[in-house]
Amino acid sequence: MRVLIVGGGGREHALAWKLKQSPLVRELFCAPGNAGIARLARCVPVAADDLEALVALAREHRIDLTVVGPEAPLAAGIVDRFQEAGLAIFGPGKAAAQLEASKVFAKQLMAKYRIPTAESRTFTTAAEACAYIRAKGAPIVVKADGLAAGKGVVVAATVAEAEAAVQRMLVDREFGEAGSRIVIEEYLRGEEVTLLAFTDGTTVVPMVAAQDHKAAYDHDTGPNTGGMGAYSPVPLLTPERQQQIVTEILRPTIDGLRQEGIVYRGVLYVGLMITATGPKVLEYNVRFGDPECQVILPRLQSDLIPILQAINDGRLAEETITWHNNHTACVVMASGGYPGTYTTGKIITGLDQVAAMPDVYVFHAGTATHGENVVTAGGRVLAVTAWGETRAEALDKAYQAVQAIHFDGAHYRTDIGRRGIVLRH
Ligand code: AMP
Ligand code: GLY
């Protein structure tokens, strides 16, 4: 098969790494890819959201299956567009992608099908939103309706902070149209966990769980990022709790969508808060998480291609999916200043040394090739991933590798996976 991956971050590098191992894949392409992906796939300089150019690329190279990494092309309807063109593609269609692209849509679906989530209301005017905030008090959470690159959520500790967020979203239009409607929701206390599932719109098969670390600095301080590290499995997610999430959240979501006339085929991601009254949905994503994907795919024992094909054919129930019984950990090395402003083009050293380390793989998130060098080209630069018999072993190996890699201003968290270790006893 000839396979095209859409995207160019750490998640797409992990997808390329896994797909490259499939005996069914003869040629692998990636648009646009990065310096790490270029070692596994032929990278083509086409942007992940340029749907027409991607259709042309798939036709030109007679691609048998396209796999979409990021949310933007899914929300823009890449799957519908490819299907119209008679091209096979993996991911949910535009209607299904609203689950991530519109928090209002997601909230309405959860309310209608009684899926546990934070209590909320939707607003389009600042006066009404602020009156609601004052009535409810803080802490309280303000969310832009649309896609805002992970920056559209404000967890406000005070009423003033929440009102300021309303002002920025509804009045100043910080996120443009994505903030023309906002959701204000109850603040949930508890531990966060991510569960991803494969689904063909009827059958739901959960993957192994992962825990992301969204805050920029140690001890969960600093601004929210796309994710600074992850590990799997997650001790918090006992088999019983996982089953509860499948029964109370994943299945009703997929069944509810189907009742709305939407068949969801792809990867469904639920961000959850495990509260005193059970798991509740914080958010849905319609794709693999980044960096969750980097700790989940190395644990997948089965070939990924037959799973993707079974999903597309609506026969996931017949597929056997097996996982390695190991632990994985991923530490993200970011550019100094991320998630704020940062500069790129810094030379990265130590990658060859790390390539010789056993049980370690460096997924590139934002890198480019410059002459003989690999240089930084994004906020998140590398997703340094390792595996072992225990979480401590996986973390040790990941941090040993991180210490061998250098670039100017490199920043990473030193406490990835700590919560998992503390929670073990
Ligand atoms: P989201 O993009 O909706 O997952 O929100 C980003 C982050 O904000 C989450 O990972 C949580 O840490 C936090 N968050 C979102 N919604 C809530 C909530 N209702 N209560 C507490 N924290 C929240
Ligand atoms: N790691 C969070 C996300 O992929 O949205």
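Here the structure is shown first, and the text comes after it.
In this text, all values refer to a predicted model and were calculated from it rather than measured experimentally. (Residues numbered from 1 in each chain as written. Chains lettered and ligands numbered in written order. Predicted model: local features only at pLDDT ≥ 70, side-chain atom pairs only at ≥ 80, totals over all residues. Heavy atoms only, no water.)

Notes on the overall build of the chain
Spelled out, the test is: In this description a helix means any DSSP run of H or I spanning at least four residues, a strand means any run of E spanning at least two, and both kinds are numbered starting from the N terminus. Note on method: radius of gyration uses C-alpha positions; expected globular size equals 2.2 Å times residues raised to 0.38. Three labels apply to residues, based on accessible area from a 1.4 Å probe with only protein chains included: buried if under 20% of the type maximum, exposed if over 50%, partly exposed otherwise in between. Whether two residues are in contact is decided by their heavy atoms, any of which lying within 4.5 Å being enough. All tallies of charge rest on Lys and Arg as positive and Asp and Glu as negative; His and the ends of each chain are not included. The atoms used to mark charge sites are NZ of Lys, CZ of Arg, CG of Asp and CD of Glu.
The secondary structure content of the chain amounts to 14 helices and 23 strands. At 21 Å, the chain has a C-alpha radius of gyration in line with the 22 Å of a compact globule built from 425 residues. For the chain, the C-alpha atoms occupy an extent of roughly 60 × 45 × 45 Å along the three principal directions. Residues classed as buried in the chain amount to 57% of the 425 residues present. Once local pairs closer than 6 in sequence are excluded, the contacts in the chain between residues at least 24 apart make up 68%. In the chain, 41 side chains carry a positive charge and 46 a negative one; their mean positions are 2 Å apart.

Some thoughts on the sheet that holds strand β7 (residues 140-144)
What counts, and what does not: Here, a strand pair is defined by DSSP locating no fewer than two bridges between the strands. Geometry is summarised by axes, namely lines fitted to C-alpha atoms with helices restricted to the contacting stretch, and by angles between N-to-C directions that run from 0 to 180 degrees.
In space, the four strands of this open sheet follow the order β6-β9-β7-β8, with antiparallel pairing throughout. Edge positions in the sheet fall to β6 (120-123) and β8 (153-156), since each of these pairs with one other strand and no more. When strand polarity is set aside, the average angle formed by the axes of neighbouring strands in this sheet is 20°. For β7 and β8, the ladder comprises four bridges, and the chain directions are antiparallel. Pairing of V141 across the sheet is with V155, part of β8. In the packing of helix α6 (residues 103-112) onto the sheet, contacts are made with β6, β7, β8 and β9 (182-186), and the angle to β9 comes to roughly 50°. Where helix α8 (residues 159-171) meets the sheet, its contacts fall on β6, β7, β8 and β9, and the angle it forms with β7 comes to roughly 10°.

Considerations on the environment of C293
Note on placement: C293 falls in helix α10 (residues 292-296). Along the sequence, C293 and A210 sit 83 residues apart, while their C-alpha atoms lie 8.6 Å from each other. Apart from residues lying up to four places away in sequence, C293 is in contact with R11, A14, L15, F288 and P298.

Side note on empty space enclosed by the protein
Note the threshold: In the cavity and pocket records, a cavity denotes points on a 1 Å grid over the protein atoms alone where a 1.4 Å probe fits but cannot get out, a pocket denotes an open set with protein on both sides within 12 Å along at least 5 of 7 lines, and lining residues are residues with an atom within 4 Å of a point. Grid points are joined across faces, edges and corners, and a volume is the space filled by probe spheres set on the points. Polarity classes work like this: nonpolar for Ala, Val, Leu, Ile, Met, Phe, Trp, Tyr, Cys and Pro, charged for Asp, Glu, Lys and Arg, and polar for all others, with Gly in that last group.
Under the defined criterion, the tally for this structure stands at two cavities of 30 Å³ or more. One number sums up the size of the largest cavity: a volume of about 90 Å³. What lines the largest cavity is simply L99, E100, K103, A106, K107, M110, K143, E185, L282, E283 and Y284. Going through the elements one at a time, α5 (94-101), α6 and β17 (278-285) are the ones with two or more residues in the lining of the largest cavity. When residues in the lining of the largest cavity are grouped by element, the largest group, four residues, is from α6. The class makeup of the residues in the lining of the largest cavity is five nonpolar, no polar and six charged. In this model, the second largest cavity occupies a volume close to 50 Å³. Contributing to the lining of the second largest cavity are V67, V68, L74, F90, G91, P92, G266, V267, V286, R287 and F288. At the level of secondary structure, the elements contributing two or more residues to the lining of the second largest cavity comprise β4 (65-68) and β16 (266-275). Taken together, the residues that form the lining of the second largest cavity break down as eight nonpolar, two polar and one charged.

Overview of the site of ligand 1
Definition in use: The criterion for a residue being near a molecule or strand is simple. One of its heavy atoms has to lie within 4 Å of it. The definition of a polar contact used here is a pair of N or O atoms within 3.5 Å, where within protein one atom must be able to donate a hydrogen and the other to accept one, and adjacent residues in sequence count solely through side-chain atom pairs. The method behind every accessible area is Shrake-Rupley, applied with a 1.4 Å probe, and residues are considered shielded solely by the protein chains displayed.
In the neighbourhood of ligand 1, 16 residues make up the surrounding shell, with E185, E186, L188, E192 and E283 lying closest. One of the side-chain N or O atoms of E185 is found 2.8 Å from a nitrogen atom in ligand 1. E192 places a polar side-chain atom, nitrogen or oxygen, 2.5 Å from an oxygen atom of ligand 1. Within the complex, the protein chains bury 91% of what would otherwise be the 470 Å² of accessible surface of ligand 1. Looking at the shell around ligand 1, the elements with two or more residues in it are β7, β8, β9 and β17.

Things to note about the site of ligand 2
For ligand 2, the full set of nearby residues is D212, K214, G226, Y269, N285, R287, G289, D290, P291 and E292. D212 has a polar side-chain atom sitting 2.8 Å from a nitrogen atom of ligand 2. At 2.9 Å, a side-chain N or O of E292 approaches a nitrogen atom of ligand 2. When ligand 2 is considered free in solution it has 200 Å² of accessible area, and contact with the protein chains removes 89% of it. The residue makeup of the shell around ligand 2, split by class, is two nonpolar, three polar and five charged.

Re the pattern of salt bridges
Note the following rule: In the sections that follow, a salt bridge refers to a side-chain nitrogen of Lys or Arg positioned within 4 Å of a carboxyl oxygen of Asp or Glu.
By the definition in use, this model includes 22 salt bridges. Residues E52 and R81 are paired through a salt bridge, measuring 2.7 Å at the closest nitrogen-oxygen approach. You can see E52 sitting in helix α2 (residues 51-60) and its partner R81 sitting in helix α4 (residues 78-84), a full 29 residues away along the chain. With a relative accessible area of 46%, E52 lands in the partly exposed category. R81 sits in the partly exposed class, given a relative accessible area of 22%. Across the pair R413 and D220 runs a salt bridge, and its minimum N-O distance is 3.0 Å. Placement of the pair is R413 in the loop between α13 (391-404) and α14 (418-422) and D220 in the loop between β13 (215-217) and β14 (221-224), with a sequence separation of 193 residues. Three or more residues are tied together by salt bridges with common partners; here these are E52, R81 and E84.

What is shown is where atoms sit, not what they do.
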